[in-house]
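Residues per chain are reported as follows:
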Amino acid sequence: MYIKNETIISLGFASLFLGALLGSSFYIGVIILTPVRLGIITASLILFFHFNSMNRDYKVQPILLFIFLFYTYQFIVGNYVAVMSATVDSTTKVANSIFLYALLTLLFLYGNIYKRYIAILYKVSKYFMFILVIVSLIEITFKIHFSFSIVNTMPEIFHYTPSAFYTNQNDFLAIVSLLLIFNMLVVKYYKKDNRADMLIFVSYLLYAIFLSVITSSRVNMIVLLLIFLIFLLEYKKTLLTLFISFIMILVLFPSFVEMYNLYIDSISFGKGESTSMRFHLYKDALLNFKIFGEGTDNSSLLYIALENPEYQGMTNPHNYILELLINNGYLFLITYLAFNGYLIFKSILMRRYFLALTFMLYQFILISSSSSLFIWSQYIYYIGFIVLFIDL
């Protein structure tokens, strides 16, 4: 009976993580069900019926309670502001907001069993990354994508760009980067002597660097190269051998080299325009001084109202921090930044420098995403980083 309960409980964790990783792009049948919603439902039922079996000494961690109350404030106040301003005009937007809060509630409840959270998220991430490798290779080789991928609408020259289970390549790379950072921390602090796990991680890391090149995701390229350099300093021989092997693979497969050349030819295309656009998006976001913001997922309202031609039709700040500012106001953002500052400072005091770097990289990665508020996967890894902080 104990073994059976353990298996069911592990299923609860796994369904929650996999549902968030697959996101909300897939719809199943005539009922509006998506992997993340199915994961939430499954994890909720398992939590309800097997809570007593999960951990006899279940104890709420103050840091997790704080971040949960923080997200509760975001949910209640953000949606209240949106409702009062009569901007909630989409059933999908309301449903997404409710399911996001449900996910965050479950992550809080499951996160307090932090050792199991770490172990199962690591396993799920490792196997899920293998699936991402296979799917992305198919996309690169055959230039085919899921119907919801924005790559289908891009010029044919970019159809080799993978987006896997996500709507665009930047979200895909953001998730890959967060996944690899989490796995890096586990390998660093828990599996340092496990050569197999280290080799698997580095192989995935090198492939992710390749993906960042062909998707022209500059932010994620910087993050992944930084991770590689950090590991290069610590595991010199193993990484050098794998790096040489990776270069040989690129040489042996002309199509990969051709894609790289296409990227180099197009990397400057629109670069100045993109920089100017982001400057105006960021500037106008910082000048928005509403106490409670525009309301949940309403950052577009600010940009539509300003009608600045420099936006080039863009109505999203492309920056998670600024999205929080526009949606929820300065007080909310300052609290969020102060909390993360505490995690960074405390990690440095504990001499967990990789962990301190992680909380900084987490914010940096989300700069590259155009839909960061509803990248479901980012929350499982953010809570994952926090439970690592608790355990270490």
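Each value, and the rule that gives it
Residues numbered from 1 in each chain as written. Predicted model: local features only at pLDDT ≥ 70, side-chain atom pairs only at ≥ 80, totals over all residues. Heavy atoms only, no water. 1 Å grid on protein atoms, 1.4 Å probe; cavity = no way out; pocket = protein on both sides within 12 Å on 5 of 7 lines; lining within 4 Å. Points joined across faces, edges and corners; volume = space filled by probe spheres on them. Helix = DSSP H or I, 4+ residues; strand = E, 2+ residues; numbered from the N terminus. Nonpolar A, V, L, I, M, F, W, Y, C, P; charged D, E, K, R; others polar. Salt bridge = Lys/Arg side-chain N within 4 Å of Asp/Glu carboxyl O. Phe/Tyr/Trp six-rings, centres within 6.5 Å; stacked < 30°, edge-to-face > 60°. Buried < 20%, exposed > 50% of the residue type's maximum accessible area, 1.4 Å probe, protein only. Lys NZ or Arg CZ within 6 Å of the ring centre and 35° of its normal. Expected span 1.5 Å × (residues − 1). Contact = heavy atoms within 4.5 Å. Core = buried A, V, L, I, M, F, W, Y, C linked by side-chain atoms within 4.5 Å. Axes fitted to C-alpha atoms, helices over the stretch in contact; angles between N-to-C directions. Parallel < 35°, antiparallel > 145°, perpendicular 65-115°, else oblique. Left-handed = near helix turned anticlockwise from the far one by under 90°.

### Re empty space enclosed by the protein
One pass over the structure, following the stated rule, counts 2 cavities of 30 Å³ or more. Of the voids in this model, the largest cavity is the one considered here, and its volume is about 90 Å³. Every residue along the wall of the largest cavity is listed here: Tyr-71, Gln-74, Phe-75, Asn-79, Ser-97, Leu-100, Tyr-101, Leu-104, Thr-296 and Leu-373. Those elements giving two or more residues to the lining of the largest cavity turn out to be helix 3 (62-84) and helix 4 (91-111). For the lining of the largest cavity, the residue count by class is 6 nonpolar, 4 polar and no charged.

### Quick notes on the pattern of salt bridges
One pass over the full model with this rule turns up 2 salt bridges. Among the salt bridges present, the one from Lys-115 reaches Asp-391, with a minimum N-O distance of 2.6 Å. In this pair, Lys-115 is assigned in helix 5 (residues 114-142) and Asp-391 in helix 16 (residues 376-391), connecting sequence segments 276 residues apart. Note that Asp-197 is salt-bridged to Lys-126, the shortest N-O span being 3.5 Å.

### Some details on the packing of aromatic side chains
As enumerated under the stated definition, the model contains 28 aromatic pairs in all. Plain terms: the ring middles of Tyr-362 and Phe-385 are 6.3 Å apart, the flat faces sit at 80 degrees to each other, and that makes the pair edge-to-face. Residue Tyr-362 is located in helix 15 (residues 353-365), and its partner Phe-385 is located in helix 16; the two are separated by 23 residues in the primary sequence. With respect to class, Tyr-362 is no different from Phe-385; both count as buried. Above the plane of the ring of Phe-354 lies Lys-188, whose end atom (NZ or CZ) is 4.9 Å from the centre.

### Comments concerning helix 16
Residues three or four positions apart in an α-helix share a direction because the helix packs 3.6 residues into each turn. A rise of 1.5 Å per residue sets the reference length of helix 16, with its 16 residues, at 22 Å; its end C-alpha atoms lie 23 Å apart and thus fit the reference within 8%. Of all 16 residues in helix 16, 14 are buried; the element is thus mostly enclosed.

### Some remarks on the environment of Ile-348
Mapped onto the elements, Ile-348 comes out in helix 14 (residues 330-349). When residues no more than four places from it in sequence are discounted, the contact partners of Ile-348 are Tyr-353 and Ala-356.

### Let's talk about the nonpolar core
By size, the foremost hydrophobic cluster in this structure holds 116 residues, and its most contacted members are Leu-107, Tyr-117, Tyr-382 and Ile-386. In terms of residue count, the dominant contributor to this core is helix 6 (residues 169-189) (15 residues). Excluding residues that lie within four positions of it along the chain, Tyr-382 makes contacts with Ile-67, Tyr-71, Tyr-336, Phe-339, Asn-340, Leu-343, Phe-359 and Tyr-362.

### Remarks on the packing of helix 5 against helix 6
The interhelical angle for the contact between helix 5 and helix 6, taken along N-to-C directions, is 135 degrees, at an axis separation of 10 Å. Here helix 5 lies oblique to helix 6, going by the angle between them. For the crossing formed where helix 5 meets helix 6, the hand is left-handed. In this structure, helix 5 contributes Ile-118, Leu-121, Tyr-122, Ser-125, Lys-126, Phe-128, Met-129, Leu-132 and Ser-136 to the contact, and helix 6 contributes Phe-172, Val-176, Leu-179, Phe-182, Asn-183, Val-186 and Val-187. Of the residues in the contact of helix 5 with helix 6, the class split is 12 nonpolar, 3 polar and 1 charged.

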